[in-house]
Amino acid sequence: MCGIFAYLNYNVDRERRYILQVLFNGLRRLEYRGYDSAGIAIDDSSAKCNSNSNSTPPPLVFRQEGNIESLVKSVYKEVEETEVNLEDRFGTHAGIAHTRWATHGEPAPRNSHPQTSGPGNEFLVVHNGVITNYEVLKETLLRHGYTFESETDTEVIPKLAKFVYDKANEAAGEVVTFSQVVLEVMRHLEGAYALIFKSLHYPNELIACKRGSPLLLGVKELTENKDSSSAFEDNKFLSKDGKPKELFLSSDANAVVEHTKKVLVIEDGEVVHLKDGGVSILKFENDKGEHRASLSRAFSVRRALSVLEMEVEQINKGHYEHYMQKEIHEQPESLTTTMRGRLIRRGSNISKSVLLGGLKDHLKTIRRSRRIVFIGCGTSYNAALAARPILEELSGVPVTMEIASDLLDREGPIYREDTAIFVSQSGETADTLLALQYALDNGALCVGITNTVGSAIARNTHCGVHINAGAEIGVASTKAYTSQIVVMVMLALAIGGDTISYQARREAIIDGLFDLPNKVREVLKLDQEMKDLAKQLIAEQSLLVFGRGYNYATALEGALKVKEVALMHSEGILAGEMKHGPLALVDENLPIVVVATRDACFSKQQSVIQQLHARKGRLIVMCSKGDASSVRPNENCRVIEVPQVEDCLQPVINVVPLQLLAYHLTVLRGYNVDQPRNLAKSVTTQ
Ligand code: UD1
Ligand code: BG6
């Protein structure tokens, strides 16, 4: 939810046109995080050679409702109508940008970021997250004569910065630094946030800080510097040697990787100051994430840069029209990467095992737990639900399911003897993170399953597994879902250990995992068939999906995909509950998908099909290859035949046709596939 980005070129000549392009491209890469409004701030021309704030003209701010392209159009239109020259060159320049997913206030220019301290744009802020105590701060600022133009929680931040700056100047008459101002502002903020500050008073400088929401710094040196170490020396990185460089701040790596792979993942409580080509970091002592740091002192820290493991190709669409389409079709490859180095099979009859590097030291504790609790939201929750039966079967430990927000609402019991497993593609979902904090406070062993190295969940869990599915940009999660299931099946194998009674079962699953990418390749051939089905369903208002056992999750996830992107009401239903309500909906018009692939529940699902047919249900049955004639109640019933795999891996296969159906329905209905209405990929507020 919301993406923030900044670009600072130091001692390298860049035209305004170029700077704008870098900022817009950064926003395009982050657009999946929110896309109802956007904005940027850049310098006015006369700021370029004048660092005396008294005569520096205020930064230019552009804000627009709608997606990034609406902002781009409006900026170029405004530039044309004014004196702003796109060919102006800046040796050093600091620009900031934002793409929004509205929480406080409707999408409108006044609610878009950068938010400002007032006329003159003395302080400008872009923000991802939520300030929970903004009303109290607003009241105080109103009493001091400040006026507010937006309904956002963010607006208090630049105004507070101006208040702090003015007070410090009045009182001491001495020069207060940009970091001092921001540290003071941060002391008063509560909530989860990542912020970038730009100020008229500190031209060509930027400050980034965060608590809770993600933020990273990318560093690109434009001259080879053989001596440059990846550590911050004396709290300064890249000493102020005057050598040209470009610095990027971003909510995630997608917007940085095309410029540089050298990054610093900014940590909670850190204030990162970019000035004169140097970077210094101050950090609050005892920073507790969500709490205010009012009583803490700040100290300097040294940090090392890391190298991004992602490739630029991952964030391009390639020959596909949409990210969702690309991500569905790349599942054979993403699953292969998920399993790489983790499955061991030596010879045809010899040992087969699983090695999860991140868990090996914790397996004993997990096996001894009284209970395993899966915690997640949306698709990640569904993936855990798909893996639950095999984890119960192989580990013998009771497994319960928790939707993160519900666990928090109930303050449900979590004990020291529990293993809590947090499943999250982004690793930054607010509810899941808060549930993690809750479980940590209650003493449970906390395990993360996430796609994002360096994310809050990856960092704050005791141990975990990265699913390594590669960047997922379509808001509707597809390849992350299947990789999450595969990781959790591997987790079940690892926790289950090597008891003789389960040996054959374990080996069959491992063989199945090895072959899974091929089977996914096979099921992807249903693409055209799913498009044809989508054409039949294009005008429907509603769709039901029935599943049970391993495929209850498939029903929920298939329905969620259709709902999210095709904007069609769709419900996943546990087939065992059919007679307890859903049957009332059945008639000859409502389309119903029944997942009836071969597993222990097959005969029960055959009976469900018969009962729905008896009520003239309009059925679409998903069955294992070769079963069409035995499941189809009559010739009018449409059948989707999928390859059969081990029962616990079948949800990976079965979800693919439903992903394809959701995709084609969306395109045919003319909706935005990658950026569905009102949704955002990572939900970093509650
Ligand atoms: C790790 C390396 C991988 C390398 C491999 C070779 C990383 C990120 N992974 O992979 O590049 O090829 O060793 O030995 O450097 N973790 C959590 N919470 C989470 C996810 C992970 O605490 O939510 C921890 C794990 O416990 C582990 C570390 O992060 O300590 C890396 O996890 P993972 O990438 O899954 O480990 P490997 O597969 O061993
Ligand atoms: C949002 C996304 O709702 O958050 C979903 O749109 C996602 O795709 C859910 O499943 C949970 O996100 P995460 O990152 O915790 O898996």
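Residues numbered from 1 in each chain as written. Chains lettered and ligands numbered in written order. Predicted model: local features only at pLDDT ≥ 70, side-chain atom pairs only at ≥ 80, totals over all residues. Heavy atoms only, no water.

**Q** Looking at this structure, how should I read the packing of aromatic side chains?
**A** A ring pair, where both rings are aromatic, is described by two values, the distance of the centres and the angle of the planes. Applying the stated criterion across every chain yields a total of 9 aromatic pairs. Measuring from ring centre to ring centre gives 6.3 Å for Phe123 and Phe178, while their planes differ by 55°; the resulting arrangement is tilted. With Phe123 in strand β8 (residues 123-131) and Phe178 in helix α5 (residues 178-188), this residue pair connects regions lying 55 residues apart in the sequence. No difference in accessibility class separates Phe123 from Phe178, as the two residues are buried. Every member of this aromatic cluster is reached through a ring pair, and the members are Phe5, Tyr7, Tyr18 and Phe248. A cation sits over an aromatic face here: Arg14 above Tyr18, 4.6 Å from the ring centre. Geometry around Phe148 places Lys159 over its ring, the cationic atom sitting 5.1 Å from the centre. (Phe/Tyr/Trp six-rings, centres within 6.5 Å; stacked < 30°, edge-to-face > 60°. Helix = DSSP H or I, 4+ residues; strand = E, 2+ residues; numbered from the N terminus. Buried < 20%, exposed > 50% of the residue type's maximum accessible area, 1.4 Å probe, protein only. Lys NZ or Arg CZ within 6 Å of the ring centre and 35° of its normal.)

**Q** How should I be thinking about the layout of surface pockets in this particular structure?
**A** Unfilled space is identified by rolling a water-sized probe across the atoms. Space inside the largest pocket adds up to approximately 990 Å³. Lining the largest pocket are 39 residues, and of these Ala253, Met310, Asn451, Thr452 and Val453 lie nearest its centre. Secondary-structure elements contributing two or more residues to the lining of the largest pocket are β13 (262-265), β17 (306-307) and α12 (456-460). In terms of residue class, the lining of the largest pocket is built from 15 nonpolar, 14 polar and 10 charged. In this structure, the lining of the largest pocket is formed jointly by two domains, domain 1 (3-312) and domain 2 (318-498), each of which donates at least three residues. (1 Å grid on protein atoms, 1.4 Å probe; cavity = no way out; pocket = protein on both sides within 12 Å on 5 of 7 lines; lining within 4 Å. Points joined across faces, edges and corners; volume = space filled by probe spheres on them. Nonpolar A, V, L, I, M, F, W, Y, C, P; charged D, E, K, R; others polar. Domains from an automatic or database assignment.)

**Q** Could you clarify how one ought to interpret the site of ligand 1 in this entry?
**A** Lining the immediate surroundings of ligand 1 are 14 residues, of which Arg342, Gly358, Thr461, Gly464 and His466 lie closest. Between ligand 1 and Ala458 there is a distance of 3.2 Å, counted from a nitrogen atom to a backbone nitrogen or oxygen. Elements that contribute at least two residues to the shell around ligand 1 include exactly β23 (445-450) and β24 (463-466). If one sorts the elements of the shell around ligand 1 by residue count, β24 sits on top with 4 residues. Class assignment for the residues of the shell around ligand 1 results in 5 nonpolar, 7 polar and 2 charged. (Near = heavy atom within 4 Å. Polar contact = N/O pair within 3.5 Å; in protein donor to acceptor, adjacent residues only side chain to side chain.)

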